[in-house]
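Structural overview
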Amino acid sequence: MSVNFADLGIEQQLVDTLSGMNIVTPTPVQEKSIPHVLEGKDLLAAAQTGTGKTAAFGLPIIQSVQQKKRNGAPQALILVPTRELAQQVMDNLTQYAANTDLKIVCVYGGTSIGVQKKKLEEGADILIATPGRLLDHLFNGNVIIAKTGILVLDEADRMLDMGFWPDLQRVLRRLPQDKQTMLFSATFEKRIKTIAYKLMDSPVEVEVSPANTTAETVKQLVYPVDKKRKRELLAYLIGSRNWQQVLVFTKTKQGSDELAKELKLDGIKAVSINGDKSQGARQRALDEFKAGKVRALIATDVAARGLDIQELEQVVNFDMPFKAEDYVHRIGRTGRAGKSGLA
């Protein structure tokens, strides 16, 4: 017998909003997580990318925050590693909360801090943030999280990676000891799990797919080719297979820019996105790609997380990543929501 959102404890108002979005049946990660989140338990959830993790924490958070006495200070904080993911989580939560009076605010680097400050002053019930920009706001006194009772780390494996750890610790010091903590990710290696357990109080573990596995909907192919001829082969594949939308991953920022230039010379419309580009440029490139104005989007791993492109059929690893988990995330951009993809 199939379960619906009401069976999991989600209130009718939210269920109606979801059916308006054609979301009727919970995904496995939603089915296993939502009841625990509603009970206020700490949670460690492993689920592949594209399986509906955002709704798994977003829906119960919207419901619990709505029931609380609110004073404009964040009741829930969702931390994410990249600007793209912050924006994606914001878009999803705003849709789910469309029929509520909740204020959802998103803050990340690369855009005006003044505009964000104004939004925070108007009140934020749910705050979505990248750690660096959140610290800027905390240091400037634009927001106080001393009474924020819910913390979510999305893409937690990246958040607990050493690059983010110092910033994350600074944020944790400003949060109350007594809070509900949830970690969601497609991959959890042993070291990350050890840190996670230090942050949490006897968490419930939910695993929807075996750790660090790739989605079964994605077919994986490898083409052995001389390094000097990789670009030539890529251009040939895009042209001869008539790929209209392909996401290509390179190891370096410089590599992504160069490959985009070379593909243009081959007559293939291409744009690159990487950490050196401004947020505006990254968003424009992504919008053009989604709208089909550009055939190839060349990206570094900064773009591997939080890119949700409907119907994306092909992902190419022009260079292999350093870590296996990054490979899982990269190819998880295709074969989403049960559709088939090619890597």
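Our structure's up above, just so we're on the same page.
Scope of this entry: the structure provided in the associated data block. (Residues numbered from 1 in each chain as written. Predicted model: local features only at pLDDT ≥ 70, side-chain atom pairs only at ≥ 80, totals over all residues. Heavy atoms only, no water.)

**Some details on helix α11 (residues 253–265)**
To keep it simple, the criterion reads: By the criteria applied, helices consist of DSSP H or I runs no shorter than four residues and strands consist of E runs no shorter than two, each listed in order from the N terminus. Working rule for helices: expected span equals 1.5 Å times residues minus one. Exposure classes here rest on a 1.4 Å probe applied to the protein chains alone. A residue is buried below 20% of its type maximum, exposed above 50%, and partly exposed in between. What the arc covers is the set of directions going from the helix axis to the C-beta atoms. The criterion used for residue contact is that any of the two residues' heavy atoms lie within 4.5 Å.
With 13 residues, α11 extends 19 Å between its outermost C-alpha atoms, agreeing within 8% with the 18 Å of an ideal straight helix rising 1.5 Å per residue. When α11 is considered as a whole, its buried residues turn out to be Gly-255, Ser-256, Leu-259, Ala-260 and Leu-263. Buried positions in α11, seen along its axis, are confined to an arc of 130 degrees and lie on one side of it. Exposed positions of α11 whose direction lies more than 90 degrees from the buried face are Gln-254, Lys-261 and Leu-265. Residues of α11 that are buried make contact with α10 (230–240), β9 (246–249), β10 (270–273) and β11 (296–299). One or two residues past the end of α11 sits Gly-267, with phi positive at roughly 85 degrees.

**What to know about the pattern of salt bridges**
Let me state the cut-off plainly: Salt bridges are counted wherever a side-chain nitrogen of Lys or Arg sits within 4 Å of a carboxyl oxygen of Asp or Glu.
According to the stated counting rule, one finds 17 salt bridges in the structure shown. Here Glu-39 ties to Lys-41 by a salt bridge, and the two come within 2.8 Å at their closest N and O atoms. Overall, Glu-39 belongs to the exposed group, its relative accessible area being 53%. On the basis of relative accessibility, which here comes to 34%, the residue Lys-41 falls in the partly exposed class. Measuring nitrogen to oxygen at the nearest pair gives 3.6 Å for the salt bridge that ties Glu-121 to Lys-117. Linking Glu-121 with Lys-117, this pair stays in helix α5 (residues 113–121), spanning 4 residues, or about one helical turn. Here Lys-117 falls in the partly exposed class, since its relative accessible area comes to 35%. Salt bridges linked by common partners bring Arg-70, Asp-101 and Asp-125 together as one network.

**Re the sheet that holds strand β6 (residues 180–185)**
So the rule is basically this: The criterion for strand pairing is that DSSP finds at least two bridges linking the strands in question. Fitted lines through C-alpha atoms give the axes, limited to the stretch in contact for helices. The angle between two N-to-C directions lies from 0 to 180 degrees.
In space, the 7 strands of this open sheet follow the order β3-β4-β2-β5-β6-β1-β7, with parallel pairing throughout. Each edge of the sheet is formed by a strand with only one pairing partner; in this case those strands are β3 (104–107) and β7 (204–207). The sheet shows a mean angle of 15 degrees between the axes of neighbouring strands, taken without regard to direction. Relative to β6, strand β5 (residues 150–154) runs parallel, the two being bridged by 5 bridges. Across the sheet, residue Ile-150 finds its bridge partner in β6, namely Gln-180. Of the strands in this sheet, β2 (76–79), β4 (126–129), β5 and β6 are in contact with helix α3 (residues 53–67), which crosses β6 at around 160 degrees.

**Considering the side chain of Gln-314**
Quick note on the threshold: Throughout this description, a polar contact denotes any pair of N or O atoms lying within 3.5 Å of each other; where both atoms belong to protein, one of them has to be capable of donating a hydrogen while the other can accept it, and for residues adjacent in sequence the pair is counted only when both atoms sit in side chains.
With respect to the helices, strands and loops of the structure, Gln-314 is situated in strand β12 (residues 314–317). Given a relative accessible area of 8%, Gln-314 falls into the buried group. At 3.0 Å, the side chain of Gln-314 and the backbone oxygen of Gln-245 are in polar contact. Other than its neighbours up to four places away in sequence, Gln-314 contacts Trp-243, Gln-245, Val-246, Leu-247, Thr-334 and Leu-342.

**Focus: unusual backbone geometry**
A positive phi is found at Ser-202, a non-glycine position, where the angle reads about 30 degrees. If you trace the backbone, Ser-202 turns up in the loop between α9 (190–199) and β7. Although it is not a glycine, Asn-242 adopts a positive phi angle of roughly 55 degrees. Summarising the element assignment, Asn-242 is placed in the loop between α10 and β9.

**Topic: helix α2 (residues 28–38)**
What α2 keeps buried is the set Val-29, Gln-30, Ser-33, Ile-34 and Val-37. Taken end-on, α2 shows its buried residues confined to a sector of 110 degrees, consistent with a single buried face. Looking at the buried positions of α2, the neighbouring elements they touch are β1 (43–46), α3, β6 and β7. Of the residues flanking the end of α2, it is Gly-40, one or two places downstream, whose phi is positive at about 80 degrees.

**Describing the pairing of β2**
Burial along β2 is two-sided: Ala-76 and Ile-78 and Leu-77 and Leu-79, pointing in opposite directions, are all buried. Bridge analysis of β2 against β4 gives 4 bridges, and the strand direction is parallel. Directly across from Ile-78, in β4, lies its bridge partner Ile-128. With 4 bridges connecting them, β2 and β5 associate as parallel partners. Note that in β5 the partner of Leu-79 across the bridge is Leu-153.

**Here we look at the environment of Met-21**
Along the polypeptide, Met-21 turns up in the loop between α1 (12–20) and α2. Exposure remark for Met-21: the relative accessible area of 26% places this residue in the partly exposed category. Those residues in contact with Met-21 that lie beyond four places of it in its chain are Gln-95 and Tyr-96.

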